[in-house]
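Structural characterization, general
Listed below, chain by chain, are the residues.
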Amino acid sequence: MKRVFLTGKFLAFALIMIAVFCFGQSESIIRATEDWPTYIDPAVGSDFSDCIAIVNLYDSLVFPNADGSVGPHLATHWDVTPDGLTWTFYLRQGVKFHSGNELTAEDVVFSVERLLTMGEGFAYMFEPFIDEVVALDPYTVQFKMKKPYGPFLSTLVRLYILEKDLVLQHLDSGPYGEFGDYGRKWLLEHDAGSGPYMVEEVKMEEYVLTKKFDDWWGGWEPNAPEYFKEMATADPVTIRTLVAKKELEITDELQPMESYEAMAKMPGVEVVRFVPGGMNLNLMLHTRKPPTDDVHFRRALAYAVDYKTIANIIFPGSLVARGPVPQTLPGHDSSIQPWEFNLDKAREELKKSKYYGQLDEYPLTLSWCAEVPEEEKIALMLQANFARIGVKLEITKKPFGSMIADAQNMETTPNCSLVFVAAHYMEAGGMLTTRYHSQSTGTWEQCEWLLNPEIDQMIEDALSTIDTEERFNKYHAIQQKLVELCPTIWLIDRAETRAYQASYVSWFVADLVHQGKKIALPLGYGLYAHDMKVFPEKK
Amino acid sequence: MSLTKYIIKRIVYSIGVLFGVSILIFVISNIVPGDPARMALGPRAPEWAVEDLRKEMNLDKPLVERYFLWLSDLMRGDLGESLRSRRPITKDIAEYLPASIEIIALSAFFMAVIGINLGRLSARFSGTWFDGVVRILSYTGIVTPAFVWAILFVLLFSYLIPIFPTTGRITPGLAAPPRITGMYIIDGLLTGNFRVALNAFWHIVLPSLALSMGGAAQAARMTRASMVDNAEKDYILAVRAYGVPNKLIYRRLLLKPSLVAPISIMALDIAALLGNAFLVELVFLYPGISRYGVEAMLNKDLFAIISVVLIIGIGYTIANVVIDVIIAHLDPRVRLGGAKSA
């Protein structure tokens, strides 16, 4: 028995010694989790996790401010011709790539051509508008447009500049003629950027580890993180354990609500909720299929939704939507009021509908996205509320891939589709184009099949307006017209929830939340590590 | 039939089986709904880019032609490019398979050591309180999914008593050893980097333990049942009559013939881990082939799906051959099927 006891003590001692030997380090690092995989090539990636890595590795000509506007970055200033067809950008001098070489206009031209040729990532934002890019001199680059494009500056936060020479040194075989694969294979695990962080290590299924670029042109504040590590998200228990052990500084936004509540109780951990610009949850109504082709029927449904329950309980911290454009997005019309949950008004509208009295013959079909389990709660709530006004709702859970396939055809698109949509860039025009222009029918972003020439014309007119105030006024008019047509029930502007180590990390997003300020940052910019601070000694 | 002939015959059969599996999985993965090119490039990619990718993947060709194109590439060692990782599948497999083999090997060790020893002791003390406890533990082990054990172990040994790491293959900051086999423990040992080897071992203890619980419980039950059954046989009664000590009977005489069934089951359990470790790999953020395979399926990553299924098929085939050889060694009566019965 004594021998067993001694063996046990020895084993415990050995375990502790090995644990100390193998682990236990304190570093200036920010670790954040996100959905996976992550593509760090700026001509390939466009999802949330891609954006987080890319904004830290690469610089763009302009940089987004927290209020949704943009300011100078690689470009110190710019001008545009009165017809809006030529934009000239003047580049900052002395900007170094991670290789030590200087960034010039040739690199900008190469980056644009690479993006448009490959056609992936954010290419869709530029391809319809950019005609040609020319380097006028090493520090001046000119964009010639196919047509005037008012929100061009806002979209430029998604145009990241790569080092031409470095990419050309790493070409592999591929479909792009003399450019082979355009460096795609190499850029999966390496960077060719000038951003504040540079790639240290990429593990495709695990993490992207980046290291501070000491020579970054923008300079550094004390206590900026030496490393920034983006990791694949894991099981909620694993995430909670990592947070408790202070091995994870900022969680992803995908954790269950009970996990956030548990983490909020951990010492030094704070949970922040904010409504970033640009993501709303829509109940898209098929305007070409009975009975949702009747505007009164659609309005009746809009009155039969309990918006506050969705915003406060199902997606806590979210805002009840006010029209088609999220409230934090520049160009939103603040005069639009949210729909109210009022079954009497719903019944009144239903009486005006041509389907009144024959509702039994027109059951509604609804698809919700299997990847977002909370949507089922909303679908069931809608089913119960619609039943109270005599409308039958048939619910189907569908993988997002199937919803995309259904949306490609007018016949296969259901009456109602529950879909989250994120703005492509921080301006109302992006959201209005992809959601309601006839060009986007047949995609998951427009299950309404609106096909309204007047709306199309209004959107095109707004987008071609270079003057910001005038353009925004045109956006307002489109939003009011859409509210009148009611092709969609706009449910909520979604809040993003994350837990972070408030005791030793200073995170600018949390600071803005504490100050009650608006946050309208494009995807990824909320985790711009350069603007964070970390104090490992306070762990 | 000699053992060599027997093994060759089994390998030839196995190649036929793998060929059949390749046709089956190729057809299934190609006819399930969804456009792999569209899923790879995302919903906003322009149609011309999607069309280009379809052509690159031969998706514009008939299914039969696609299969033979894929097969000829396979013969040249080219498994295609993963739509998800955007790199050659051979590279992905070279990265993830050794990681999985490491945890599966340790799981196999745990299964054998824990399962057989618990079963042996349970049989020896059959009918006592100890036997009762082991039987309850065995049932618990069998009915509890591996990911539940994984979560439990994370809570116990990483959170409450933080002696094991929570995620990954190696502690950040430590450089991976120079690649020889792709298995960090082996590579660390071969290159004299003992700290890395120990660190890598430390990282796989909990996932391996979680994966082994079901198999160990099963092995314990089967070993016990088999030993209790064999203990009543005439040759054991005769040995007992000669006064051979009980301890010696259980350790030397009963164990070997009683291992046929547990080893058969364990070998299949171990082969199954290649495909079934997904949730455990997810809990520990462990970059293994199972997680890679499931992600490939969710993303309709055609060639990656086929490659992973083939690897799992090969794993099963090897496991079956190994089982037969081990069983033939343990119990000469079943040797090599061709032996004429008396």
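Since this is a predicted model, take the numbers as computed values, not measurements.

**Considerations on the overall build of chain A**
Secondary structure summary: chain A contains 17 helices and 20 strands in total. Computed over the C-alpha atoms, the radius of gyration of chain A is 25 Å, within 12% of the 24 Å expected from 2.2 N^0.38 for a compact globule of 539 residues. In terms of overall dimensions, chain A has C-alpha extents of about 80 × 80 × 45 Å along its principal axes. Split into buried and exposed, the 539 residues of chain A put 60% on the buried side. Put simply, 71% of the contacts in chain A that link residues at least 6 apart link residues at least 24 apart. Only carbon and sulfur atoms are counted for the fraction: they give 52% of the accessible area of chain A, which is about 20,500 Å². With 50 positive and 76 negative side-chain charges, chain A shows a spacing of 8 Å between the two charge centroids.

**What to know about helix 14 (residues 289-298) of chain B**
For helix 14 of chain B, the tally of buried residues reaches seven of ten residues, placing the bulk of the element in the interior. Contacts made by the buried residues of helix 14 of chain B are with strand 10 (227-232) of chain A together with helix 5 (89-124), helix 12 (260-276), helix 13 (278-283) and helix 15 (302-330) of chain B. Positive phi shows up at K300(B), right after helix 14 of chain B, with a value of about 50°.

**Describing the pattern of salt bridges**
What the rule picks out here adds up to 31 salt bridges over all chains. Linking D41(A) and R114(A) is a salt bridge whose minimum nitrogen-to-oxygen distance equals 2.7 Å. Of this pair, D41(A) sits in the loop between strand 1 (29-34) and helix 2 (48-57) while R114(A) sits in helix 3 (residues 105-118), placing them 73 residues apart in sequence. One exposure class covers both D41(A) and R114(A), and it is buried. Through salt bridges with shared partners, a single network forms among E189(A), R87(B), K91(B), D92(B) and E95(B).

**Some thoughts on the side chain of S122(B)**
Topologically, S122(B) is positioned in helix 5. When residues no more than four places from it in sequence are discounted, the contact partners of S122(B) are F130(B), D131(B), V134(B) and R224(B).

**A look at the environment of I389(A)**
Residues and elements named next belong to chain A. Assignment of secondary structure puts I389 in the loop between helix 12 (374-388) and strand 15 (393-398). Counting along the chain gives 46 residues from I389 to L343, while the straight-line C-alpha distance between them is 7.1 Å. Excluding its chain neighbours within four sequence positions, the residues that come into contact with I389 are A300, A304, L343, A346, R347, L350 and L359.

**A look at the interface of chain A and chain B**
The interface of chain A with chain B comprises 46 residues on the first partner and 45 residues on the second. Remark: the boundary between chain A and chain B carries three salt bridges. Of the charged contacts in the structure, one is a salt bridge between E120(A) and R86(B), with a shortest N-O distance of 2.8 Å. For the interface between chain A and chain B, the tally reads eight residue pairs in polar contact (both at pLDDT 80 or more). Sorting the residues of the side of chain A that touches chain B by element identifies helix 1 (2-22), helix 3, strand 10 and helix 7 (236-244) of chain A as the ones contributing at least two each. Of the residues forming the side of chain A that touches chain B, the biggest block, six residues, is contributed by helix 1 of chain A.

**Some points on the domain arrangement of chain A**
Residues and elements named next belong to chain A. What the domain assignment reports for chain A is domain 1 (30-39 + 195-275 + 497-538), domain 2 (59-168) and domain 3 (279-493). Each of domain 1 and domain 3 has a C-alpha centre, and the two are 33 Å apart. Every contact between the two is made by nine residues of domain 1 and, on the other side, six residues of domain 3. Taken together, both faces of the contact between domain 1 and domain 3 bury some 750 Å²; the carbon and sulfur share is 74%. For the pair domain 1 and domain 3, the number of links is zero salt bridges. If you look at where domain 1 meets domain 3, you find zero residue pairs in polar contact (both at pLDDT 80 or more). Its residues assigned to classes, the side of domain 1 that touches domain 3 comprises six nonpolar, one polar and two charged.

**Focus: the sheet that holds strand 7 (residues 140-145) of chain A**
All names here are of chain A. Reading across from one edge, 4-5-7-6 is the order of the four strands in this open sheet, with antiparallel pairing throughout. The sheet is open, and its two borders are formed by strand 4 (75-80) and strand 6 (130-137), each paired with just one other strand. Ignoring which end each strand starts from, the neighbouring axes of this sheet average 20° apart. Inspection of the sheet shows strand 6 paired to strand 7 by six bridges, in the antiparallel sense.

**Section: the packing of helix 5 of chain B against helix 14 of chain B**
All names here are of chain B. With their axes 8 Å apart at the nearest point, helix 5 and helix 14 run at an angle of 135° to one another. In terms of orientation, helix 5 lies oblique with respect to helix 14. Note on element contacts: helix 14 touches helix 5 through I289, S290 and Y292, opposite I89, D92, I93, Y96, L97 and S100. When its residues are assigned to classes, the contact of helix 5 with helix 14 shows six nonpolar, two polar and one charged.

**Notes on the packing of aromatic side chains**
Residue and element names in this part refer to chain B. According to the stated counting rule, one finds 38 aromatic pairs over all chains in the structure shown. Arranged with centres 5.1 Å apart and planes meeting at 35°, the rings of Y96 and Y292 form a pair that is tilted. In this pair, Y96 sits in helix 5 while Y292 sits in helix 14, placing the two residues 196 residues apart along the sequence. Like Y292, Y96 is buried.

**Some words on unusual backbone geometry**
The amide bond that connects W36(A) to the next residue, P37(A), takes the cis arrangement and shows omega of 10°. Note that P37(A) resides in the loop between strand 1 and helix 2. The omega torsion of the bond from P290(A) to P291(A) falls at 0°, within 30 degrees of zero and hence cis. Structurally, P291(A) can be placed in the loop between strand 12 (279-285) and helix 9 (295-303). Despite not being glycine, C486(A) has its phi angle at roughly 50°, a positive value. Within the element layout of this structure, C486(A) appears in the loop between helix 16 (468-485) and strand 17 (488-493). Phi at L285(B) is positive, roughly 45°, even though this residue is not glycine. With respect to the element layout, L285(B) can be found in the loop between helix 13 and helix 14.

Reading the values: rules and limits
Residues numbered from 1 in each chain as written. Chains lettered and ligands numbered in written order. Predicted model: local features only at pLDDT ≥ 70, side-chain atom pairs only at ≥ 80, totals over all residues. Heavy atoms only, no water. Helix = DSSP H or I, 4+ residues; strand = E, 2+ residues; numbered from the N terminus. Rg over C-alpha atoms; globule rule 2.2 N^0.38 Å. Buried < 20%, exposed > 50% of the residue type's maximum accessible area, 1.4 Å probe, protein only. Contact = heavy atoms within 4.5 Å. Areas by Shrake-Rupley, 256 points an atom, 1.4 Å probe, with all protein chains shown as cover. Lys, Arg positive; Asp, Glu negative; His and termini not counted. Charge placed at Lys NZ, Arg CZ, Asp CG, Glu CD. Salt bridge = Lys/Arg side-chain N within 4 Å of Asp/Glu carboxyl O. Polar contact = N/O pair within 3.5 Å; in protein donor to acceptor, adjacent residues only side chain to side chain. Domains from an automatic or database assignment. Buried area = accessible area lost by both parts, 1.4 Å probe. Nonpolar A, V, L, I, M, F, W, Y, C, P; charged D, E, K, R; others polar. Pairing = 2+ DSSP bridges. Axes fitted to C-alpha atoms, helices over the stretch in contact; angles between N-to-C directions. Parallel < 35°, antiparallel > 145°, perpendicular 65-115°, else oblique. Phe/Tyr/Trp six-rings, centres within 6.5 Å; stacked < 30°, edge-to-face > 60°.

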